[in-house]
Amino acid sequence: MVAWDVAWRNAGALFGRGIEPYEPTPSVIVSDAPHRRLRRYRGTGAPTGNPVLLVPPLAVTISCYDLRPAQSLVRFLQGLGREVSVVEYGEITYADRHLGFEEWVDDIVPGAIRRVSADHDDAPVDLVGWSFGGTMSLLTAAAHPELPIASVTAVGSPFDQRRNGQIALARQFGRLTGGVELTVPLRITGGVSKYAVRAGFRAQSFDRELRKPLYIARNIADTEALARMESVDRFMAEMPGYPGRFYRQAYRQLILRNEMNKGTVHLGPHQAIELAKLAVPVLLVGGTRDKLASAASVAAGTRVLTGSPEVRFVEVDGSHLGIIAGAEAPATTWAAVADFLAAARLQQA
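Conventions adopted
- Residues numbered from 1 in each chain as written.
- Predicted model: local features only at pLDDT ≥ 70, side-chain atom pairs only at ≥ 80, totals over all residues.
- Heavy atoms only, no water.
- Pairing = 2+ DSSP bridges.
- Helix = DSSP H or I, 4+ residues; strand = E, 2+ residues; numbered from the N terminus.
- Axes fitted to C-alpha atoms, helices over the stretch in contact; angles between N-to-C directions.
- Contact = heavy atoms within 4.5 Å.
- Parallel < 35°, antiparallel > 145°, perpendicular 65-115°, else oblique.
- Nonpolar A, V, L, I, M, F, W, Y, C, P; charged D, E, K, R; others polar.
- Expected span 1.5 Å × (residues − 1).
- Buried < 20%, exposed > 50% of the residue type's maximum accessible area, 1.4 Å probe, protein only.
- Salt bridge = Lys/Arg side-chain N within 4 Å of Asp/Glu carboxyl O.
- 1 Å grid on protein atoms, 1.4 Å probe; cavity = no way out; pocket = protein on both sides within 12 Å on 5 of 7 lines; lining within 4 Å.
- Points joined across faces, edges and corners; volume = space filled by probe spheres on them.

**Overview of the sheet that holds strand β6 (residues 84–88)**
1) Next: Spatial ordering of the open sheet is given by β1-β2-β6-β3-β7-β8-β13-β14, a layout of eight strands whose pairing is mixed. Bordering the open sheet on either side are β1 (27–31) and β14 (311–316), each of which pairs with just one other strand. Adjacent strand axes in the sheet meet at a mean angle of 20°, parallel and antiparallel pairs treated alike.
2) Next: As judged from the three bridges shared by strand β3 (residues 52–55) and β6, these two strands associate in the parallel manner. Bridging across to β6, V52 finds its partner in V84.
3) Next: Against the sheet, helix α3 (residues 101–118) contacts β1, β2 (37–41), β3, β6, β7 (125–130) and β8 (149–155), and its axis sits at roughly 160° relative to β3.

The structure is reproduced here in structure tokens:
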């Protein structure tokens with residue numbers, strides 16, 4: 001039976017202050033500079049094991065790892081006794097149009113790793129990245145073997161773009177044109193605006209948007225279900241944009257030329273990152289319903305990362321966002337991360 005008092009209260013909240021206020025895990029700013037703010041989440045006890053650095057993709061906020069208390073990878077990792085930090089990029093504007101992968105792979109992510117390690121008695125750091133955050137973590141580890149990195153976890157980070165059905169047509173067209181249909185407009189606009197990013201993310205989950213009224217009607221008395229829906233809506237409404245150079249590189253090198261799958265990523269005329277040089281344990285997680293990074297495209301990394309002592313692939317049920325922050329993530333992706341980090345720690349002992 002429907003609890004009508006709860007249903008009425010939820011209906012009023014949906015059109016008012018919201019079902020559940022956003023309460024991020026408490027954190028402190030360790031260092032602050034444009035596009036490289038480092039936050040450390042406040043733990044509740046003495047940490048154990050290596051510190052963890054969360055590396056977000058561009059065009060999202062750090063809330064991807066901390067949507068709400070029940071959907072927080074941050075709190076899950078803290079529950080494992082880990083000290084958790086995250087690097088935050090902030091707003092991306094036209095002035096940032098020149099920023100490319102190099103800034104993240106050679107500067108932003110390495111700088112965060114060094115600071116986290118230094119603040120923990122030079123301990124090696126476990127990197128965890130979702131989507132392009134995982135890609136940047138993998139490239140950083142391959143390009144800079146001198147960094148104190150203990151392991152890399154990449155969730156929803158594709159290697160073989162041929163196995164991503166939704167962009168197959170775009171790849172074929174782009175290979176014929178050389179990608180000018182995208183790269184030229186990006187040079188003019190300076191990047192992909194936050195409004196375009198938000199519209200694009202909603203478009204790729206168009207079925208969710210269509211079903212939302214029916215979902216609300218069916219779950220009007222289920223406060224938890226509505227809070228999860230609201231957290232995703234809030235996440236999509238806060239997405240920042242992409243710098244022009246970064247997006248052009250992602251389109252040309254990663255999508256059209258499929259360089260992650262070929263094993264060497266060219267970021268410029270004088271920089272070629274060989275993924276076989278990555279020499280730390282790696283966990284790859286792919287989602288069965290991921291439209292941006294199919295499970296098969298992620299699994300291709302197991303044959304690319306030949307220099308790693310262990311490359312573990314886990315397939316879980318879920319969408320691109322769902323595999324890192326969905327209701328099932330604690331029992332699937334997060335559990336796989338916990339097992340992997342525990343095994344990596346034993347190997348280091």
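**Some remarks on the packing of α3 against helix α4 (residues 132–143)**
1) Next: Where α3 contacts α4, the two axes come as close as 9 Å, and the packing angle between them is 80°. Classified by the angle between their axes, α3 and α4 sit roughly perpendicular to one another. Counted together, F101, W104, V105, V109, P110 and I113 of α3 and F132, T135, M136, L139, T140 and A143 of α4 form the full contact between these two elements.
2) Next: The residue makeup of the contact of α3 with α4, split by class, is ten nonpolar, two polar and no charged.

**Looking at α4**
1) Next: For α4, which comprises twelve residues, the first-to-last C-alpha distance of 16 Å matches the rise-based estimate of 16 Å (1.5 Å per residue) to within 8%.
2) Next: Counting buried positions along α4 gives eleven out of twelve residues, so the element sits mostly inside the fold.

**A closer look at the pattern of salt bridges**
1) Next: Under the definition given, this model contains 16 salt bridges.
2) Next: Ionic pairing is found between R39 and E88, a salt bridge with its closest N-O pair at 2.8 Å. One end of the pair, R39, is in strand β2; the other, E88, is in strand β6, with 49 residues separating them in the sequence.
3) Next: In this structure, R40 engages E83 in a salt bridge whose closest nitrogen and oxygen atoms are separated by 3.9 Å. Of this pair, R40 sits in strand β2 while E83 sits in the loop between α2 (73–79) and β6, and the two are 43 residues apart along the sequence. For the pair formed by R40 and E83, the shared burial category is buried.
4) Next: Taken together, the salt bridges that share partners define one network made up of E20, R68, E224 and R228.

**So, empty space enclosed by the protein**
1) Next: If you walk through the whole model with that rule in mind, you get one cavity of 30 Å³ or more.
2) Next: Estimated volume of the largest cavity: approximately 40 Å³.
3) Next: Forming the boundary of the largest cavity are Y22, S63, L67, S231, R234, F235 and E238.
4) Next: Class assignment of the residues belonging to the lining of the largest cavity gives a composition of three nonpolar, two polar and two charged.

Coordinates in, geometry out; function isn't part of it.
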